[in-house]
Amino acid sequence: MISKKLEQAINEQINKELFSEYLYLSMASYCSSIGLDGFENFFLVQVEEERFHAMKMYKFLNERGGRVIMKAIDQPETQFESALQVLEKTYEHEQYVSKLINELMDLAIAENDHAAKSFLNWFVDEQVEEEASMENILNKLKLIGGEGNGLLMLDKELAARVFTPPVK
Ligand code: MG
């Protein structure tokens, strides 16, 4: 049985993962509107990843005798200036999510909940990947100055991304 405190904190995080899903959907739509279908695809795959994160926590909370409470999801930004700006925001957002996951882990340690610690380890590792993949694209965008042929080539590269649900 999970503690009330941890139950509440994981509920908050489910809401944040769903917000991430919503934010990336907003970014996908923006990218589509400026003709960057590859970037749109990249963000649509990210949407599925965020849903996967939320559902992983949903299942864990249910298994541990907790109750998932759906809350309102904040409205994400809808206006962006460029692909470069979108990726800057994305990288920033993933760093923020890493901070949230670390705080969740701190709480699991304080509550001495070993099952939660083991569960959250997956998210700690996942955030390393999330930050790295966003930083990678951001760096490429900076290299090409965020425009021209380089941008179209990067767009083509991102069109190939597919969602593969992790085994566990
Ligand atoms: Mg996430």
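Residues numbered from 1 in each chain as written. Predicted model: local features only at pLDDT ≥ 70, side-chain atom pairs only at ≥ 80, totals over all residues. Heavy atoms only, no water.

**What about the packing of aromatic side chains?**
Aromatic ring pairs are reported here in terms of the distance separating the ring centres and the angle at which the planes meet.
Line of reasoning, step 1. Evaluated as defined, the whole model comprises eight aromatic pairs.
Line of reasoning, step 2. Here the aromatic rings of Phe60 and Phe119 are separated by 3.9 Å at their centres, their planes lie at 5°, and the arrangement is stacked. Remark: Phe119 occurs in helix H4 (residues 114-143) and Phe60 occurs in helix H2 (residues 37-63); sequence separation between them is 59 residues.
Line of reasoning, step 3. Given the relative accessible area of 8%, Phe60 is considered buried.
Line of reasoning, step 4. What links up through ring pairs into an aromatic cluster is the set Phe52, Phe60, Phe119, Trp122, Phe123 and Phe163. (Phe/Tyr/Trp six-rings, centres within 6.5 Å; stacked < 30°, edge-to-face > 60°. Helix = DSSP H or I, 4+ residues; strand = E, 2+ residues; numbered from the N terminus. Buried < 20%, exposed > 50% of the residue type's maximum accessible area, 1.4 Å probe, protein only.)

**Considering the packing of H2 against helix H5 (residues 148-158)**
Line of reasoning, step 1. Across the interface, H2 lies against H5 with an axial gap of 7 Å and an inter-helix angle of 40°. Between H2 and H5, the crossing angle belongs to the class labelled oblique. As for the relative orientation of H2 and H5, their crossing is left-handed in sense. Residues Asp37, Gly38, Phe39, Asn41 and Phe42 of H2 pack against Leu151, Leu154, Asp155 and Leu158 of H5. (Axes fitted to C-alpha atoms, helices over the stretch in contact; angles between N-to-C directions. Parallel < 35°, antiparallel > 145°, perpendicular 65-115°, else oblique. Left-handed = near helix turned anticlockwise from the far one by under 90°. Contact = heavy atoms within 4.5 Å.)

**Some details on the coordination of the magnesium ion**
Line of reasoning, step 1. Of the protein atoms, only Glu17 (OE), Glu50 (OE) and His53 (ND1) coordinate the magnesium ion, at distances of 2.1 to 2.2 Å.
Line of reasoning, step 2. One chain supplies every donor for the magnesium ion, spaced along it as E-x32-E-x2-H. Taken together, the residues span about one helical turn, with Glu50 and His53 both in helix H2 at a distance of three residues. One exposure class covers both Glu50 and His53, and it is buried. (Donors = N, O, S within 2.8 Å, 3.2 Å for Na, K, Ca; no water.)

**So, H5**
Line of reasoning, step 1. All of the buried residues in H5 are Leu151, Leu154, Asp155 and Leu158. Projected down its long axis, H5 carries its buried residues within an arc of 105°, all on one side. In H5, those exposed residues whose orientation departs by more than 90 degrees from the buried face are Asn149, Leu152, Met153 and Lys156.
Line of reasoning, step 2. Buried-residue contacts for H5 involve H2, helix H3 (83-110) and H4. (Arc of directions from axis to C-beta.)

**Side note on the environment of Ile10**
Line of reasoning, step 1. Topologically, Ile10 is positioned in helix H1 (residues 4-33).
Line of reasoning, step 2. A C-alpha to C-alpha distance of 13 Å links Ile10 and Glu111, two positions 101 residues apart in sequence.
Line of reasoning, step 3. Ile10 has contacts with Ile2, Met57, Phe60, Leu61 and Leu104, leaving out every residue within four places of it along the chain.

**Some thoughts on H2**
Line of reasoning, step 1. Between its first and last C-alpha, H2 extends 39 Å over 27 residues, near the 39 Å set by a 1.5 Å rise per residue.
Line of reasoning, step 2. Once H2 finishes, Gly65 follows within two positions and takes phi at roughly 80°, a positive value. (Expected span 1.5 Å × (residues − 1).)

**So, the nonpolar core**
Line of reasoning, step 1. Residues Phe39, Phe43, Leu87, Ile137 and Leu141 are the most contacted members of the largest nonpolar core, which totals 24 residues.
Line of reasoning, step 2. Mapped onto this core, the elements with two or more residues apiece are H1, H2, H3, H4 and H5.
Line of reasoning, step 3. Ranked by residue count, the leading element in this core is H1, at seven residues.
Line of reasoning, step 4. Leaving out residues up to four positions away in the same chain, Leu87 has contacts with Phe39, Phe43, Met134, Ile137, Leu138 and Leu141.
Line of reasoning, step 5. Membership of the second largest hydrophobic core comes to 21 residues, among which are Leu6, Met57, Val68 and Ala108. (Core = buried A, V, L, I, M, F, W, Y, C linked by side-chain atoms within 4.5 Å.)

**Some thoughts on a nonpolar patch on the surface**
Line of reasoning, step 1. Judged by side-chain polarity, Tyr22, Leu25, Leu44 and Ile73 come together as a nonpolar surface patch covering roughly 330 Å² of accessible area.
Line of reasoning, step 2. Along the chain, the position of Tyr22 falls in helix H1.
Line of reasoning, step 3. Overall, Tyr22 belongs to the partly exposed group, its relative accessible area being 43%. (Patch = residues over 30% accessible without salt bridge, like charges linked within 9 Å, V, L, I, M, F, W, Y side chains within 5 Å. Areas by Shrake-Rupley, 256 points an atom, 1.4 Å probe, with all protein chains shown as cover. Salt bridge = Lys/Arg side-chain N within 4 Å of Asp/Glu carboxyl O.)

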